[in-house]
Amino acid sequence: MQRFLLPLISFVSAALVYGIGATIGLWLMRVAGNEAAFWPANGLMVILLLSVRVSQLPWAVAGALASSLPIQIYMHTEPMGFALAASDMIEVVVVVKLARRLKLLDSGLESVSSVAALIAILSLSTLLSAIGAAATLAWFQDVAFSASFTTLWRLNAASALMILAPYFAIGKTGWAVSFQTALHNGGTRRTIEFLALLGIIAASILIMRHASVSMISFFTVPLLWCAIRFGPPATAMTSSLLSLGIVLLVIIGEWPNTAMSRSLAWQLQRTELALSFITIPPLFVAAALTGLHNMTRALKESQERLRYALAGSGEGVWDWCIGTNRTYFSDNWYAILGYRRDEIEETAETWDRLRHPDDAQENKRRIRDHLDGRTPHYSIEQRLRHKDGHWIWVLDRGSVVERDAEGRPRRAVGTTQDITLRRARQDELDRRAHHDSLTGLSNRAALGENFARWNEEERRFCFVLIDLDDFKPINDRFGHQFGDHTLLAIADRIRACLGKNDIAARIGGDEFALLIEAAPDEVERTARLLIERISEPIGFADSVVTTGASIGIAAVANGGPDFQDAYRLADVALYDAKAAGGSAYRIADTLLSGAARSAARDRTVSDLMAAAGEQPVDQPARDREDAADDCHG
């Protein structure tokens, strides 16, 4: 049922609207002595069709044509009248199609382009309609095409502009609120101003009528006043009411005719052209000012949103004029560094004075890369000195926003964000990821990374493996708290024995590993010192304990061996030291044959237990014997 209801409603509505509009137009024509005066039917049809679904357009056109039949029968102009109605439908369809495609109804005539589009659409559609109507009159009544064409085009264009300009101006959602806002921005004074404007127009019409003087150009001033003060809706409605009022006065013979010898048709044509010339410019002015106002308001809202966002994020803004080196810093920027605006100079040199020396070179490189166009934006984490004297970490980001005609950067804008807490959390996470939680020494992962880096740099160093002697009885007898205290004390003693570039790590319960940048003979002295220091008594509460250390050393040079091989070699040497009774060190033979090294890797747990038993096994000697067998076998 609904499928047929909407087409039926469209058909009937179009028939009523076009029929009423055509009846009014024909009545005005009769009042004007059969002169083409004002034709509202087409404009009313456009309003109807733009208010319903475009899919109902054929039904509405059919309804309009059907409604013209009774009028044609009454006036005895059936074929010609039907052709004239069809010409009207050409105008209606063109306006509806183009207005929908250009979304003119949503524009509110608030831009110059929308007003220009409206004028172009009405000009094209009324031109096509006038051509069809003039051809119809030439065919049926032998009226010269040129004689009727200009009159019909003027009639259709002026009538369409009077009706459709207000419709498109108020068609945008919220136009009533905008108009009320325009009236109430100045309170009662603004309302009185608008009423005074209407009063001036009405009084001018009465004065001109009474004085028999037609000065239509005078109305340009109040219409421009309306455009400047009240916007497109008020301007379009005022212009249309003014035009319609003067045209009706001309039709009924109450408007002064400056050339009494001229016909009413000539007076109508002259008056409607004059009205078009004085109403179109104010529409453009109102659109331009409204567009400028909307842009200003949008810019202000955008700036407010940016200000609120920056205030909420705590970021400071900087604006650098590259040519003059002058820089604007926002209040948040000063707050981040603890300064007042008058305490530091707003130049790029301020950054250089506040920047940490270690970050200066990298910052300069990144700025140059961005200014030269090698990077899309500038971004760096760097340290700036706070007014209190301490360093804070900031994230500086920005980009060039203006270049000259030759592409040279002229202006850059960016933000500064305090990331000190974030960096502290990040450093803490990195510390936990790369350090032992108890002793603060590096962990196994960090040790492996540093080993690989040193190998890539082809450093000459030694991998030292330390295992504490008789540590388990300390844990068993005194508890883990005493054991942790012992490990902390030993970690401090290990640090004290190393150079500033050496690395110490805890890689197991009572197992430590070192990277010492020295030759094996120098590392031997360090190993003896480590054994001596670790063996010193350790006190906790009322108890004192002692422990020893067995140390295995593997030399690394020229990028080899890798971490796993060095660990295995040092492990073999370590257990040789254990087998020798502990509190000793051994240096692994890194020149072992392949079979001997494989035997070291595949050593079983029982071998290790034997190495730690009552009868120590001379493991290096056994390895050397195996290696000799490999060489001679």
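Before reading on, note that the structure itself is shown above.
Draft legend 1. Fine view of the overall build of the protein chain. Helices and strands together make up the secondary structure of the protein chain, namely 22 helices and 12 strands. When the 633 residues of the protein chain are sorted by exposure, 45% land in the buried category. Put simply, 65% of the contacts in the protein chain that link residues at least 6 apart link residues at least 24 apart. Total accessible area on the protein chain is roughly 32,700 Å²; 58% of this is exposed by carbon and sulfur atoms.

Draft legend 2. Main features of the packing of helix H6 (residues 145-170) against helix H9 (residues 220-251). Relative orientation of the contacting elements H6 and H9 amounts to 165°, with a least axis distance of 8 Å. Between H6 and H9, the angle falls in the class roughly antiparallel. Both H6 and H9 take part in a crossing whose hand is left-handed. Note on element contacts: H9 touches H6 through Pro 232, Pro 233, Ala 236, Met 237, Ser 240, Ser 243, Leu 244 and Val 247, opposite Leu 161, Met 162, Ala 165, Pro 166, Ala 169 and Ile 170. Among the residues making up the contact of H6 with H9, the classes are represented as 12 nonpolar, two polar and no charged.

Draft legend 3. Molecular detail of the sheet that holds strand E2 (residues 326-329). The strand order E2-E1-E5-E4-E3 describes an open sheet built from five strands, whose pairing is antiparallel. The outermost strands of the open sheet, each flanked by one partner alone, are E2 and strand E3 (378-385). Neighbour-to-neighbour, the strand axes of this sheet turn through a mean angle of 25°, independent of strand direction. Of the pairings in the sheet, the one linking strand E1 (residues 316-321) to E2 comprises four bridges and is antiparallel in character. Among the inter-strand pairings, Cys 321 is bridged to a residue of E2, identified as Arg 326. In the packing of helix H13 (residues 357-371) onto the sheet, contacts are made with E1, E3, strand E4 (391-403) and strand E5 (409-418), and the angle to E3 comes to roughly 155°. Of the strands in this sheet, E3, E4 and E5 touch helix H14 (residues 420-434), which is tilted by about 120° from E4.

Draft legend 4. Quick peek at unusual backbone geometry. Between Gly 560 and the following residue, Pro 561, the backbone shows a cis peptide bond with an omega angle of 0°. Not every positive phi belongs to a glycine, and Leu 109 is a case in point at roughly 50°.

Draft legend 5. View of the packing of helix H4 (residues 78-101) against helix H5 (residues 112-141). Here H4 crosses H5 at 170°, and the two axes come no closer than 9 Å. Of the possible angle classes, the one that applies to H4 and H5 is roughly antiparallel. Class assignment of the residues belonging to the contact of H4 with H5 gives a composition of 16 nonpolar, seven polar and two charged.

Draft legend 6. Local environment of the environment of Ala 274. Topologically, Ala 274 is positioned in helix H10 (residues 264-313). On the basis of relative accessibility, which here comes to 23%, the residue Ala 274 falls in the partly exposed class. Between the C-alpha atom of Ala 274 and that of Ser 243, which follows or precedes it by 31 residues, the distance is 9.5 Å.

Draft legend 7. Layout of the pairing of E2. Side chains of E2 alternate between two faces, with Thr 327 and Phe 329 buried and Arg 326 and Tyr 328 left unburied. Remark: four residues form the turn of the hairpin made by E1 and E2, two consecutive strands paired antiparallel; Asn 325 in that turn has positive phi of roughly 70°.

Draft legend 8. Seen up close, the environment of Ile 205. Topologically, Ile 205 is positioned in helix H8 (residues 188-211). Residue class for Ile 205 comes out buried when judged on its relative accessible area of 15%. In this structure the C-alpha to C-alpha distance between Ile 205 and Trp 255, which are 50 residues apart in sequence, comes to 8.9 Å.

Draft legend 9. Quick peek at the pattern of salt bridges. Per the counting criterion, the structure on display carries 36 salt bridges. A salt bridge links Asp 372 to Arg 374, with the nearest nitrogen and oxygen atoms 3.3 Å apart. With relative accessibility at 42%, the residue Asp 372 sits in the partly exposed group. Among the ionic pairs, Asp 467 bridges to Lys 578, the shortest N-O distance being 2.8 Å. Of this pair, Asp 467 sits in strand E6 (residues 461-469) while Lys 578 sits in helix H19 (residues 563-579), placing them 111 residues apart in sequence. Connected through salt bridges with shared partners, the residues Glu 362, Arg 365, Arg 366, Arg 368, Asp 369, Asp 372 and Arg 374 form a single ionic network.

Cut-offs used in this document
Residues numbered from 1 in each chain as written. Predicted model: local features only at pLDDT ≥ 70, side-chain atom pairs only at ≥ 80, totals over all residues. Heavy atoms only, no water. Helix = DSSP H or I, 4+ residues; strand = E, 2+ residues; numbered from the N terminus. Buried < 20%, exposed > 50% of the residue type's maximum accessible area, 1.4 Å probe, protein only. Contact = heavy atoms within 4.5 Å. Areas by Shrake-Rupley, 256 points an atom, 1.4 Å probe, with all protein chains shown as cover. Axes fitted to C-alpha atoms, helices over the stretch in contact; angles between N-to-C directions. Parallel < 35°, antiparallel > 145°, perpendicular 65-115°, else oblique. Left-handed = near helix turned anticlockwise from the far one by under 90°. Nonpolar A, V, L, I, M, F, W, Y, C, P; charged D, E, K, R; others polar. Pairing = 2+ DSSP bridges. Salt bridge = Lys/Arg side-chain N within 4 Å of Asp/Glu carboxyl O.

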